[in-house]
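# Examining the three-dimensional arrangement
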Amino acid sequence: MAAFRTPQVILFSEDVSRAAAFYAGVGFREVFRVPTEGAPIHVDLVLDGYRLGIAAVSSVRDDHGLDPVPTGQRAAVVLWTDDTAAALARIAATGAPILAQPHEWLGRLLIAWTADPDGNPIQVVQHL
């Protein structure tokens, strides 16, 4: 049986540059871009060993024959932190909407919700 390795999530975007800049602004580091010059159709970013891809909706349609949904709450990115309130404020300062203020969940987590420029929810969470 084939072994799997290095899992990654790819988010679809109408504006790859904007989405990549947003994630770079919260601490991700760009590690891959196609094409290397001009408007990208795909960018990979890494944070703490986790790889996140941003793919152009048009490229996914034209190159792979899929029909991605470009907006809405299709998946969530989870960002762990030591201070949910401060992290949410940092992300909100970039213009991201606050979907839910910090609130206790399960008696052991403090969770808040925001979203990236394409509407993908981002959960900001810490252990209590």
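Provided above is the structure to which this section pertains.
An account of the accompanying structure is given in this report. (Residues numbered from 1 in each chain as written. Predicted model: local features only at pLDDT ≥ 70, side-chain atom pairs only at ≥ 80, totals over all residues. Heavy atoms only, no water.)

What follows deals with the environment of Asp 116. Tracing the backbone shows Asp 116 in the loop between strand 7 (109-115) and strand 8 (121-127). Judged by relative accessible area, which is 4%, Asp 116 ranks as buried. Reaching out from Asp 116, the side chain makes a polar contact with the backbone nitrogen of Asp 118 at a distance of 2.8 Å. (Helix = DSSP H or I, 4+ residues; strand = E, 2+ residues; numbered from the N terminus. Buried < 20%, exposed > 50% of the residue type's maximum accessible area, 1.4 Å probe, protein only. Polar contact = N/O pair within 3.5 Å; in protein donor to acceptor, adjacent residues only side chain to side chain.)

With that settled, the discussion passes to helix 3 (residues 84-92). Where helix 3 is concerned, the buried positions are Thr 84, Ala 87, Leu 88 and Ile 91. Projection of helix 3 onto a plane perpendicular to its axis shows the buried side chains occupying an angular sector of 100°, all on one side. Considering only its buried residues, helix 3 is in contact with helix 1 (16-25), strand 5 (77-80), strand 6 (98-105), strand 7 and strand 8. Between the side-chain oxygen at the start of helix 3 and the backbone nitrogen of Ala 85 there is a gap of 3.4 Å, and the oxygen is on Asp 83. (Arc of directions from axis to C-beta. Contact = heavy atoms within 4.5 Å.)

Both the distance between ring centres and the angle between the ring planes are used here to describe each pair of aromatic rings. In this structure the tally under the stated criterion is 2 aromatic pairs. Taking the centre distance of 5.1 Å and the plane angle of 90° together, the rings of Phe 22 and Tyr 23 count as edge-to-face. When the ring of Tyr 23 is compared with that of Phe 28, the centres are 5.5 Å apart and the planes differ by 85°; the resulting orientation is edge-to-face. Note on accessibility: Tyr 23 and Phe 28 belong to one class, buried. Joined through ring pairs, the aromatic side chains of Phe 22, Tyr 23 and Phe 28 make up one cluster. (Phe/Tyr/Trp six-rings, centres within 6.5 Å; stacked < 30°, edge-to-face > 60°.)

Before going further, it helps to examine the sheet that holds strand 5. With mixed pairing, 4 strands are arranged side by side in an open sheet as 5-8-7-6. The sheet terminates laterally at strand 5 and strand 6, the two strands that pair on one side only. Along the sheet, successive strands turn relative to each other by an average axial angle of 20°, direction set aside. Relative to strand 8, strand 7 runs antiparallel, the two sharing 7 bridges. Paired with Ile 111 across the strands is Val 125, a residue of strand 8. (Pairing = 2+ DSSP bridges. Axes fitted to C-alpha atoms, helices over the stretch in contact; angles between N-to-C directions.)

Moving on, we come to unusual backbone geometry. In this structure, the amide linkage connecting Val 34 to the following residue, Pro 35, adopts the cis form with an omega of -15°. Along the chain, Pro 35 turns up in the loop between strand 2 (29-34) and strand 3 (42-47). In this structure, Asp 48 takes a positive phi of about 55° despite not being glycine. With respect to the helices, strands and loops of the structure, Asp 48 is situated in the loop between strand 3 and strand 4 (50-56). Judged by its relative accessible area of 78%, Asp 48 is exposed. Of note in the backbone geometry, Leu 106 takes a positive phi value of approximately 65° without being a glycine. Within the secondary structure layout, Leu 106 lies in the loop between strand 6 and strand 7. By relative accessible area, which is 52% here, Leu 106 ends up exposed.

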